[in-house]
Amino acid sequence: MIDLPSHLGESPRRILITGGAGFIGGALVRRLLRYSNSIVFNLDKCSYASDLTGIKEVLADLGSEADKRYQLLRVDLVDAEATKECVRKADPDLVMHLAAESHVDRSIDAPNVFLESNVIGSFNLLQAVRLHWEALSKDRKASFRFHHISTDEVFGSLGNAGRFNESSPYDPRSPYSATKAASDHLVSAWHHTYGLPVVLTNCSNNYGPWQFPEKLIPVVILKAVEGELIPLYGDGANVRDWLHVEDHVDALILAATKGELGSTYCIGGFGERTNKQVVESICRFLDERLSLKNSCFSLITKVPDRPGHDKRYAIDPKRIITELGWKPCFEFEAGLAKTVDWYLANIDWCTYIRNKANYFGERIGLT
Ligand code: NAD
Ligand code: TYD
């Protein structure tokens, strides 16, 4: 884990995080509260995928000092005026933009909300931040940064060889990745046209605690625990490059504070696996930990493929390693085993958030 004060400086920074009630944003907020003296504003519309339990636990642990450094701003970025007011209130030195609709399957069923949040929302935020940045004092203006968090999915689908890097051409193929690509282009345009000091990062699939159970890893764990069929899309040979969320948070802090302005950094955890390998590893861990009547392997079931399913994602993270000194700490199998343990210890949270979202792992995104 990187040392935060040496990157963020001694004097408290005002940091506006969008999407801090989500999976990755939540890990970032918790890290900043625990290990820095930053003043953290969490702008989030608090959607079905949001939850503040992890942040509340950290605040309870740290006491009133941390309470004073944290504020939730419950705002939808689609509302331009509310977004402007939020930025005015937070008066940030650094903005880290993670808010987005993030699930590919949902984007297939209902792409409009992805356009609204990921494109219009990012546009509204950029406009609000530009106004704020232009009005800053000379010193604050010089050190201000806007960090846009994006995905490797904007680069499309790889064949068996090669990895994405910062020069990979954009070729998004799902409604989700198309809207993320659009937001990347908006951020880049605001840098070139208005001079807004931006940094972009494109990361691979994250995993770890507190991920909403609609993404592969928590879905598989919960299905297996409940003795339900584990859905493997298509032939299970699609490849994702898994990155532990805490390694991602390290990379985000490095990129936000030390990244070259106007530049992109690709972040990946050297964790390439087929979906079948991931599912089988989870089943092995669960078989070792639970005394089930039947092995979890018997639940693995091939189901119809996702429309437009990208075959393979993989990241070459050489640039962030050599230029910013980032190093992932989690080896995938070890990180996955810890994640399985976390979900087993937090089944109550899973039940709570599934009830809150009224989503229980049913198949979506088949058009
Ligand atoms: P998530 O779905 O868990 O959380 C996203 C958060 O953004 C939610 O709390 C949601 O309420 C909020 N949000 C969405 N639209 C909003 C709006 N219009 N206004 C205000 N808040 C809004 O997502 P995540 O997995 O934490 O992903 C965070 C970011 O990282 C996203 O931008 C995503 O594209 C990117 N990313 C995620 C992954 C991954 O594997 N999870 C991989 C690559 C990139
Ligand atoms: P997902 O977690 O939705 O992330 P992304 O689509 O952003 O990569 O899916 C990861 C991979 O797992 C993807 O190739 C689709 C596949 N998958 C399944 O096989 N079964 C499932 O139930 C889910 C949710 C995903």
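Structural data are supplied above this passage.
Structure report, in brief. (Residues numbered from 1 in each chain as written. Chains lettered and ligands numbered in written order. Predicted model: local features only at pLDDT ≥ 70, side-chain atom pairs only at ≥ 80, totals over all residues. Heavy atoms only, no water.)

## Details of the overall build of the chain
Secondary structure assignment for the chain yields 15 helices and 13 strands. Relative to its length of 367 residues, the chain is compact, with a C-alpha radius of gyration of 20 Å against a globular reference of 21 Å. Reported as C-alpha extents along the three principal axes, the dimensions of the chain are approximately 65 × 45 × 40 Å. Taken over 367 residues, the chain has a buried fraction of 57%. For the chain, the exposed area adds up to about 14,900 Å²; of that, 52% sits on carbon and sulfur atoms. Computing the positive centroid from 42 side-chain charges and the negative centroid from 47, the chain places the two 2 Å apart. (Helix = DSSP H or I, 4+ residues; strand = E, 2+ residues; numbered from the N terminus. Rg over C-alpha atoms; globule rule 2.2 N^0.38 Å. Buried < 20%, exposed > 50% of the residue type's maximum accessible area, 1.4 Å probe, protein only. Areas by Shrake-Rupley, 256 points an atom, 1.4 Å probe, with all protein chains shown as cover. Lys, Arg positive; Asp, Glu negative; His and termini not counted. Charge placed at Lys NZ, Arg CZ, Asp CG, Glu CD.)

## So, the environment of Arg 130
Counting through the fold element by element, Arg 130 comes out in helix H7 (residues 111–134). Along the primary structure Arg 130 and Gly 262 are separated by 132 residues, whereas in three dimensions their C-alpha atoms are 15 Å apart. Non-local contacts of Arg 130, meaning those with residues more than four positions away in its chain, are made with Trp 190, Tyr 194 and Leu 196. (Contact = heavy atoms within 4.5 Å.)

## Things to note about the packing of helix H10 (residues 216–225) against helix H12 (residues 275–289)
For the pair H10 and H12, interaxial distance at closest approach is 10 Å and the crossing angle is 40°. It follows from the interaxial angle that H10 and H12 lie oblique. As H10 packs across H12, the resulting crossing turns out to be right-handed. Contacts from Leu 216, Ile 217, Val 220, Ile 221, Ala 224 and Val 225 of H10 reach H12 at Asn 275, Val 278, Val 279, Ile 282 and Leu 286. (Axes fitted to C-alpha atoms, helices over the stretch in contact; angles between N-to-C directions. Parallel < 35°, antiparallel > 145°, perpendicular 65-115°, else oblique. Left-handed = near helix turned anticlockwise from the far one by under 90°.)

## Some thoughts on the side chain of Asp 51
Assignment of secondary structure puts Asp 51 in the loop between strand S2 (39–44) and helix H3 (53–62). Assessed through its relative accessible area of 13%, Asp 51 is described here as buried. There is a polar contact of 2.7 Å between the side chain of Asp 51 and the side chain of Trp 349. When residues no more than four places from it in sequence are discounted, the contact partners of Asp 51 are Ala 21, Trp 210, Trp 349, Tyr 352, Ile 353 and Lys 356. (Polar contact = N/O pair within 3.5 Å; in protein donor to acceptor, adjacent residues only side chain to side chain.)

## Considering a nonpolar patch on the surface
Taken together, Val 78, Ile 120 and Phe 123 make up a surface patch of nonpolar side chains, about 210 Å² in accessible area. Of note, Ile 120 is situated in helix H7. Take Ile 120: its relative accessible area is 42%, and that puts it in the partly exposed class. (Patch = residues over 30% accessible without salt bridge, like charges linked within 9 Å, V, L, I, M, F, W, Y side chains within 5 Å. Salt bridge = Lys/Arg side-chain N within 4 Å of Asp/Glu carboxyl O.)

## A word on the site of ligand 2
Neighbouring residues of ligand 2: 16 residues in total, closest Glu 153, Pro 231, Arg 240, Arg 306 and His 309. The contact in question runs from an oxygen atom of ligand 2 to an N or O atom on the backbone of Leu 216, over 2.8 Å. Separating an oxygen atom of ligand 2 from a backbone N or O atom of Tyr 233 is a distance of 2.9 Å. Alone, ligand 2 offers 510 Å² of accessible surface; in the complex the protein occludes 96% of this. (Near = heavy atom within 4 Å.)

## Some points on the nonpolar core
Judged by nonpolar contacts, the single largest core of 41 residues is most densely connected at Ile 17 and Met 96. Ranked by the residues each element gives to this core, the list is headed by helix H11 (residues 245–258), at eight residues. Beyond its immediate sequence surroundings of up to four residues, Met 96 is in contact with Ile 15, Leu 16, Ile 17, Thr 18, Leu 28, His 147, Ile 149, Leu 252 and Ala 256. Ranked by size, the runner-up nonpolar core spans 31 residues in total, among them Phe 212, Leu 222, Cys 296 and Trp 342. (Core = buried A, V, L, I, M, F, W, Y, C linked by side-chain atoms within 4.5 Å.)

## Some remarks on the site of ligand 1
The immediate surroundings of ligand 1 are formed by 29 residues, with Asp 44, Ser 50, Ser 102, Tyr 176 and Lys 180 found nearest. One of the backbone N or O atoms of Ile 24 is found 2.8 Å from an oxygen atom in ligand 1. Ser 50 places a polar side-chain atom, nitrogen or oxygen, 2.7 Å from an oxygen atom of ligand 1. Taking 830 Å² as the accessible area of ligand 1 by itself, protein coverage stands at 96%. Of all the secondary structure elements, the ones that give two or more residues to the shell around ligand 1 are helix H2 (23–35), strand S5 (145–151) and helix H9 (175–194). Broken down by element, the residue count for the shell around ligand 1 peaks at three residues, all from S5. Tallied by class, the residues present in the shell around ligand 1 amount to 13 nonpolar, eleven polar and five charged. (Nonpolar A, V, L, I, M, F, W, Y, C, P; charged D, E, K, R; others polar.)

## With respect to the pairing of strand S1 (residues 14–18)
For S1, a buried count of four out of five residues is recorded, marking the element as mostly surrounded by other parts of the structure. Pairing geometry for S1 and S2, over five bridges, is parallel. Considered in S2, the bridge of Ile 17 is made with Asn 42. Here four bridges tie S1 to strand S4 (residues 94–97), and the two strands are oriented parallel to one another. Each bridged residue has a counterpart across the sheet, and for Thr 18 the counterpart in S4 is His 97. (Pairing = 2+ DSSP bridges.)

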